[in-house]
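Here's the letter readout for the chains.
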Amino acid sequence: MQDSAELDEVDLALVNALQLQPRAPWALVGDVLGINPVTAARRWARLESEGLAWISAYPPITPHQANAFVEIACEPGQGLSVAEELANDPQAMTVDVTAGGRDVLVTVNAPTPEILSSYLLERMSRVPHLRHVRSHLIIRTYTEGM
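Residues numbered from 1 in each chain as written. Predicted model: local features only at pLDDT ≥ 70, side-chain atom pairs only at ≥ 80, totals over all residues. Heavy atoms only, no water.

**Quick word on the nonpolar core**
Now for step 1: Membership of the largest hydrophobic core comes to 19 residues, with the highest contact counts inside it found for Val70, Ile72, Val82, Leu86 and Val106.
Now for step 2: At the level of secondary structure, the elements contributing two or more residues to this core comprise strand S1 (66-74), helix H4 (79-86), strand S3 (104-110) and helix H5 (113-123).
Now for step 3: Broken down by element, this core gets its largest block of residues, 5 residues, from S1.
Now for step 4: Setting aside chain neighbours within four positions, we find Val106 in contact with Ala68, Phe69, Val70, Ile72, Leu86, Ala92, Thr94 and Val95.
Now for step 5: In this structure, Leu18, Ala24, Leu47 and Ala53 belong to the second largest nonpolar core, which totals 9 residues. (Core = buried A, V, L, I, M, F, W, Y, C linked by side-chain atoms within 4.5 Å. Buried < 20%, exposed > 50% of the residue type's maximum accessible area, 1.4 Å probe, protein only. Helix = DSSP H or I, 4+ residues; strand = E, 2+ residues; numbered from the N terminus. Contact = heavy atoms within 4.5 Å.)

**Some remarks on the sheet that holds strand S4 (residues 130-138)**
Now for step 1: The 4 strands lie next to each other as S2-S3-S1-S4, forming an open sheet whose pairing is antiparallel. The sheet terminates laterally at strand S2 (92-97) and S4, the two strands that pair on one side only. Sheet twist, expressed as the mean angle between neighbouring strand axes with direction ignored, is 15°.
Now for step 2: Where S2 lies against S3, 5 bridges are found, and the strand directions are antiparallel. Counted as the bridge partner of Ala92 is Val108 from S3.
Now for step 3: Its contacts with the sheet place H4 against S1, S2, S3 and S4, and it is angled at close to 170° to S2.
Now for step 4: Those strands touched by H5 are S1, S2, S3 and S4, and its axis lies near 5° from that of S1. (Pairing = 2+ DSSP bridges. Axes fitted to C-alpha atoms, helices over the stretch in contact; angles between N-to-C directions.)

**Topic: the packing of helix H1 (residues 9-20) against helix H2 (residues 26-33)**
Now for step 1: Contact geometry for H1 and H2: axes closest at 10 Å, N-to-C directions at 130°. Regarding the angle of H1 to H2, the classification is oblique. Taken as a pair, H1 and H2 cross one another with a handedness that is right-handed. Where H1 approaches H2, its residues Ala13, Leu14 and Leu18 are matched on the opposing element by Trp26, Val29 and Leu33.
Now for step 2: Among the residues making up the contact of H1 with H2, the classes are represented as 6 nonpolar, no polar and no charged. (Parallel < 35°, antiparallel > 145°, perpendicular 65-115°, else oblique. Left-handed = near helix turned anticlockwise from the far one by under 90°. Nonpolar A, V, L, I, M, F, W, Y, C, P; charged D, E, K, R; others polar.)

**Notes on H5**
Now for step 1: Taken together, the buried positions of H5 are Leu116, Tyr119, Leu120 and Arg123. The arc enclosing the buried residues of H5, seen along the axis, measures out at 115°, which places them on a common side. Exposed residues lying more than 90 degrees from the buried face of H5 are Glu114 and Leu121. (Arc of directions from axis to C-beta.)

**With respect to unusual backbone geometry**
Now for step 1: Phi is positive for His129, which is not a glycine, with a value near 75°.
Now for step 2: Among the secondary structure elements, His129 is positioned in the loop between H5 and S4.
Now for step 3: Owing to a relative accessible area of 31%, His129 belongs among the partly exposed residues under this scheme.

**So, the environment of Ala13**
Now for step 1: Note that Ala13 resides in helix H1.
Now for step 2: Look at Ala13 and you get partly exposed, because its relative accessible area is 29%.
Now for step 3: Along the sequence, Ala13 and His64 sit 51 residues apart, while their C-alpha atoms lie 39 Å from each other.

**Observations concerning the side chain of Glu71**
Now for step 1: Counting through the fold element by element, Glu71 comes out in strand S1.
Now for step 2: A distance of 2.6 Å separates polar atoms of two side chains, one belonging to Glu71 and the other to His136. (Polar contact = N/O pair within 3.5 Å; in protein donor to acceptor, adjacent residues only side chain to side chain.)

Functional significance is not addressed by these values, which are geometric in nature.
Listed below in C-alpha cells is the structure:
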C-alpha cells in the first residue's frame, strides 16, 4: 500500500459513488459519473490494486456473538510485530498500531462468549512481547446505515 497518492476528480467521485451504493452495477456507476462502465470498472481495479481503495465488510450480527476492544501494551519496539501476528487471527476484525497508552488496538469478534474468553485468556497468553492486555467488552453494536 502506498503512503500517499494523488486521486483525480473521477477517482474521488468513483470512490464516493461506491461508498453510497457499494453494490451498484458498473453500468449505473458509469452513467452517474458520465464515463463508460468499462472505464469505471478499470479505474476501480487500478485503485484497488494500488492499495488506494478497498472493500471492507463486517461479520453478521448474531444473538450469541461476543465482541471486545483489546488494548495491548508491548515491549519497546515490538508493536508492529505483535500487530502482524494478531492480524492473522480469524477473531481479529481490525488490528491497529497506535500511540499513547497502548501500542496495539484489536477489535475482536467471536461467535460465542466462550470463544471470546478463550481468545482473550489463552491466545493472548501465547503472544510474545506483551506487557499488558486490557479488554473492553462490547455490549451493544451500532451499525452503519445506507
